[in-house]
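Per-entry structural report
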Amino acid sequence: MGSVRWQVAGRAFAHIARFHPEITALRRDLHAHPELGFEEVYTAGRVQESLRACGVDEIHTGIGKTGVVGVIRGRSTASRRMIGLRADMDALPMCEDNGFDWRSGKKGLMHGCGHDGHTAMLVGAARYLAETRNFDGTAVLIFQPGEEGFAGARVMIEDGLFDRFPVQSVFAMHNWPGMQPGTIGLNNGAMMAAADRITIEVTGKGGHGAHAYQTIDPVLVSAHIITAVQSIVSRNVRPIDAAVISICAVQAGDLGAMSVVPGKATLVGTVRTFSDAVQEQVEQRLAELCAAVATGFGATATVRFERIYPATINTATEALFAGDVAQGLVGARNVERNMEPSMGAEDFSFMLQKKPGAYMRIGQGVKDGAFLHNSRYDFNDEILPLGAAMHASLVEQGMPLQVTAAPKENAKARALQ
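Conventions we followed
Residues numbered from 1 in each chain as written. Predicted model: local features only at pLDDT ≥ 70, side-chain atom pairs only at ≥ 80, totals over all residues. Heavy atoms only, no water. Core = buried A, V, L, I, M, F, W, Y, C linked by side-chain atoms within 4.5 Å. Buried < 20%, exposed > 50% of the residue type's maximum accessible area, 1.4 Å probe, protein only. Helix = DSSP H or I, 4+ residues; strand = E, 2+ residues; numbered from the N terminus. Contact = heavy atoms within 4.5 Å. Phe/Tyr/Trp six-rings, centres within 6.5 Å; stacked < 30°, edge-to-face > 60°. Lys NZ or Arg CZ within 6 Å of the ring centre and 35° of its normal. Pairing = 2+ DSSP bridges. Axes fitted to C-alpha atoms, helices over the stretch in contact; angles between N-to-C directions. UniProt positions renumbered as here; feature names shortened; annotations may be inferred. 1 Å grid on protein atoms, 1.4 Å probe; cavity = no way out; pocket = protein on both sides within 12 Å on 5 of 7 lines; lining within 4 Å. Points joined across faces, edges and corners; volume = space filled by probe spheres on them. Nonpolar A, V, L, I, M, F, W, Y, C, P; charged D, E, K, R; others polar. Expected span 1.5 Å × (residues − 1). Arc of directions from axis to C-beta.

Take the nonpolar core next. Ranked by internal contacts, the top residues of the largest apolar core, which has 93 residues, are Ile72, Phe143, Met351, Met360 and Met390. When residues of this core are assigned to their parent elements, the largest contribution, nine residues, is made by helix H4 (residues 115–132). If we skip the residues at most four places from it in the chain, Phe143 touches Val47, Leu51, Gly67, Val68, Ala87, Met89, Thr119, Leu122, Val123 and Met156. Membership of the second largest hydrophobic core comes to 25 residues, among which are Ile200, Ile232, Ile247 and Ala301.

Next up, the structure:
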């Protein structure tokens, strides 16, 4: 992806840059050994090995099945503050089409979203923080399993994450190919949408396709439902709000039975929203509209609305703080503080429901048109020191060491000199 062309300020970046080759090697090793959610045994083992080598104070395993938490105490802990930093570890069930030496060694599995890089960045931050300890408080490094559809963040929380490590705030970042290397983006509100699954069951009356008048065709009803639900966003949701309804799969009948009208049809899709009010409105209208359309044809329709991930919403104070930290590293021109939210989803949202914090994007550039979840995607190793420095700087600036003023000279002694 080219050589580094940006400048980063700060002691943390300069220090971490010295062991850039080591964290690059770790990242590439993780890329070669991808694991799905809650199966990250090798990954968790490498994280533990790395944290031990870094000299962290405590390593806790098995939190949220394969999750790992590292604890680093500063030179002082008088402030009694704790800041959490989170990195996701899991890969995707997809084949990789890259040819480099560190490509996936497991058929059908790939780090296609850069979680290998996120893990390596947090390990880099751990090494710096353990070596320098220029902060007053405790850094809690959260290596989370199962972000890709397994709600690993929720599982870690249910397993006592924040009871055992009562952080005052928590931060995370995700690489973003659509942003240039050396840039960081965030906002003080919604960063990612809630992701919900909808299943619509349409029940009619099957029969012979040549005598369709004797049937209640669920395929026909489904077609009308697919069209009708698109009116919810355009005619029920306020234009200043945002929502997406996508019916992504339809299953009905048998492809080998061209003249059989089935008795049932199933539609599956997703709903994306940013606010609870819009989410509830869409859920209600889906149930009402699908039932009404089906009734008009003499059929029935039921909607199952499953809330998978909530919206990822930054808290204003922490977003402002994170933006200031980023600005200190890469300069104001390279920090986007009003980033447009994405309709994608992220299970860091569960952590932000429990603790104040911020979710950021770190630019990595795009190579060969390969965006996230592309079979030719690869994490840009050039940004590893910046990501690690961002993590570390959040800790140092969020829990600064108190500067003790030098005692004033005794006036009488000074007069005698």
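So, on to the packing of aromatic side chains. In total, this model carries six aromatic pairs according to the counting rule given. Look at Phe100 and Trp102: their rings are 4.5 Å apart centre to centre, the planes differ by 15°, and that puts the pair in the stacked class. If you follow Arg28 out to its NZ or CZ, it ends over the ring of Trp102, 3.7 Å from the centre. The ring of Phe38 has Lys65 sitting right over it, with the charged end atom 4.5 Å from the ring centre.

Sheets are built from strands that pair by backbone hydrogen bonding, the pairs being arranged parallel or antiparallel. The strand order across the open sheet formed by four strands is S10-S12-S8-S13, and the pairing between neighbours is antiparallel. Both outer strands of the open sheet, strand S10 (243–252) and strand S13 (300–309), are each paired with one neighbouring strand and no more. Pairwise comparison of adjacent strand axes, ignoring direction, gives a mean angle of 20° for this sheet. Summarising the sheet, S10 and strand S12 (residues 264–273) pair through nine bridges and their orientation is antiparallel. Bridge pairing in S12 places Val244 opposite Arg272. On the sheet, helix H7 (residues 218–235) packs against strand S8 (194–203), S10, S12 and S13 and is oriented at approximately 175° with respect to S10. Across the sheet, helix H8 (residues 276–296) touches S8, S10, S12 and S13, and the angle it forms with S13 is around 160°.

Another point: the UniProt feature "domain: Peptidase M20 dimerisation" (unreviewed entry) in the protein. Taking the numbering used here, the UniProt-annotated feature "domain: Peptidase M20 dimerisation" (unreviewed entry) corresponds to residues 198–292. What you have in residues 198–292 is 37% helix and 32% strand, and the ends, taken at the C-alpha atoms, are 17 Å apart.

With that out of the way, let us pick up the layout of surface pockets. Estimates place the volume of the largest pocket at around 470 Å³. Ranked by the residues each element gives to the lining of the largest pocket, the list is headed by S12, at four residues. The residue inventory of the lining of the largest pocket, partitioned by class, reads 11 nonpolar, seven polar and six charged.

Take H8 next. For H8, spanning 21 residues, the distance from its first C-alpha to its last is 30 Å, which sits close to the expected 30 Å at 1.5 Å a residue. Every buried residue of H8 is accounted for by Val278, Gln279, Val282, Leu286, Leu289, Cys290, Val293 and Ala294. Along H8, the residues classed as buried sweep out an arc of 120° about the axis, all on the same side. Residues of H8 that are exposed and point over 90 degrees away from its buried face: Asp276, Ala277 and Thr295. Residues of H8 that are buried sit in contact with S8, H7, S10, S12 and S13. Within two residues after H8, Gly298 carries a phi angle of roughly 85°, on the positive side.

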